[in-house]
Amino acid sequence: QWYQRRVRAGNNSAAGKRVKRSSSKYEAAEGNTLSIEQRLHPVSKTYNFTTNRLQFIQHKIMKVLWKNRFCWPFQKAVDAVELNIPDYYSVVKNPMDLGTVKRKLENFEYQMGDEALTDIRLVFDNCFLYNKPQDDIYSMAKDLE
């Protein structure tokens, strides 16, 4: 990110010029570079603001979804080992659950409301993609949607 920095020294040629701020994504607080693992798996980007739409999604839509009696299968990520469905991740390429959406809303990881709504729709689309219409989980998702 770029920001304007004013230098108080009188004859400095850098006065009023744009200076690149050190990125915490690639440098530690002490100035040391991050390890390879930290570079490959950076922390999600957070925004220091929220919009009315994001607040509405978090406080109204997510509350209604979370309290619904059919929400429990969608609150946590699908554990393919526990559920004995080894082909789940080969069918569903972008897994998403409502718990992740809730955490992202609480940590301000969405910039716009459309991003949150897209992730909520992805939860149901993944369910419809993997399960058959006669399955109970399919009808639960249809009712919750």
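To be clear, the structure that these remarks concern was listed above.
Note that this is a predicted model, so its numbers are computed, not measured. (Residues numbered from 1 in each chain as written. Predicted model: local features only at pLDDT ≥ 70, side-chain atom pairs only at ≥ 80, totals over all residues. Heavy atoms only, no water.)

Undergrad: Help me out: how do you make sense of helix α2 (residues 52–67) in this one?
TA: Two residues of an α-helix separated by three or four positions point the same way, owing to the 3.6 residues in each turn. Helix length check: α2, at 16 residues, gives a terminal C-alpha distance of 22 Å against a target of 22 Å (1.5 Å per residue), a fit within 8%. For α2, the set of buried residues is Leu54, Ile57, Met62 and Leu65. Tucked into the core, α2 has its buried residues touching α4 (98–106), α5 (113–130) and α6 (136–144). (Helix = DSSP H or I, 4+ residues; strand = E, 2+ residues; numbered from the N terminus. Expected span 1.5 Å × (residues − 1). Buried < 20%, exposed > 50% of the residue type's maximum accessible area, 1.4 Å probe, protein only. Contact = heavy atoms within 4.5 Å.)

Undergrad: How do you make sense of the packing of α2 against α5 when you look at a structure like this?
TA: The geometry of a pair of packed helices is captured by two quantities: the angle between their axes and the separation between those axes. The contact between α2 and α5 brings their axes to 9 Å, and the two run at 25°. In terms of orientation, α2 and α5 fall into the roughly parallel class. Judged by residue contacts, Arg53, Leu54, Ile57, Ile61, Met62 and Leu65 of α2 engage Gly113, Asp114, Ala116, Leu117, Ile120 and Phe124 from α5. Looking at the contact of α2 with α5, its residues break down into 9 nonpolar, 1 polar and 2 charged. (Axes fitted to C-alpha atoms, helices over the stretch in contact; angles between N-to-C directions. Parallel < 35°, antiparallel > 145°, perpendicular 65-115°, else oblique. Nonpolar A, V, L, I, M, F, W, Y, C, P; charged D, E, K, R; others polar.)

Undergrad: I tried to follow the layout of surface pockets on my own but got confused; where do I start?
TA: Once rolled over the atoms, a probe with the size of a water molecule shows which space is left empty. The computed volume of the second largest pocket comes to approximately 530 Å³. Along the walls of the second largest pocket sit 19 residues, with Pro73, Lys76, Val78, Leu83 and Ile137 positioned nearest its centre. Examining the composition of the lining of the second largest pocket, we find that 4 residues originate from one element, α5, more than from any other. Here the residues of the lining of the second largest pocket are counted per class, giving 13 nonpolar, 2 polar and 4 charged. (1 Å grid on protein atoms, 1.4 Å probe; cavity = no way out; pocket = protein on both sides within 12 Å on 5 of 7 lines; lining within 4 Å. Points joined across faces, edges and corners; volume = space filled by probe spheres on them.)

Undergrad: What am I meant to see in the pattern of salt bridges here?
TA: A side chain of one charge can pair with a side chain of the opposite charge when the charged atoms of the two come close. With the rule as written, the count across this model stands at 4 salt bridges. Between Arg103 and Glu109 there is a salt bridge; the shortest N-O distance is 3.2 Å. Arg103 sits in the partly exposed class, given a relative accessible area of 37%. Residue Glu109 is classed as buried on the basis of its relative accessible area, which comes to 13%. Residue Lys104 is joined to Asp119 by a salt bridge in which the shortest nitrogen-to-oxygen separation is 3.6 Å. With Lys104 in helix α4 and Asp119 in helix α5, the pair connects residues that are 15 residues apart, well separated along the chain. Residue Lys104 shares its accessibility class with Asp119, and that shared class is buried. (Salt bridge = Lys/Arg side-chain N within 4 Å of Asp/Glu carboxyl O.)

Undergrad: I keep staring at the packing of aromatic side chains and nothing clicks. Help me out?
TA: The geometry of an aromatic ring pair comes down to the distance between the two centres and the angle between the two planes. Under the criterion given, the structure shown has 4 aromatic pairs. Ring centres 5.1 Å apart and planes at 70° place the aromatic pair Tyr88 and Tyr130 in the edge-to-face group. Taken together, the residues span a long stretch of sequence, with Tyr88 in helix α3 (residues 88–91) and Tyr130 in helix α5 at a distance of 42 residues. Ring geometry for Phe128 and Tyr138: centres 4.8 Å apart, planes at 55°, overall tilted. Of this pair, Phe128 sits in helix α5 while Tyr138 sits in helix α6; the two residues are 10 residues apart in sequence, bridging distant segments of the chain. In terms of burial, Phe128 and Tyr138 fall into one category: buried. Three or more aromatic residues joined by ring pairs make a cluster, and in this case those are Tyr88, Tyr89 and Tyr130. (Phe/Tyr/Trp six-rings, centres within 6.5 Å; stacked < 30°, edge-to-face > 60°.)

Undergrad: Would you explain α5 in this entry?
TA: Its 18 residues place the ends of α5 26 Å apart at the C-alpha level, agreeing with the 26 Å of an ideal helix rising 1.5 Å per residue. Within the sequence span of α5, burial applies to Gly113, Ala116, Leu117, Asp119, Ile120, Val123, Phe124, Asn126, Cys127 and Phe128. At its buried positions, α5 is contacted by α2, α3, α4 and α6.

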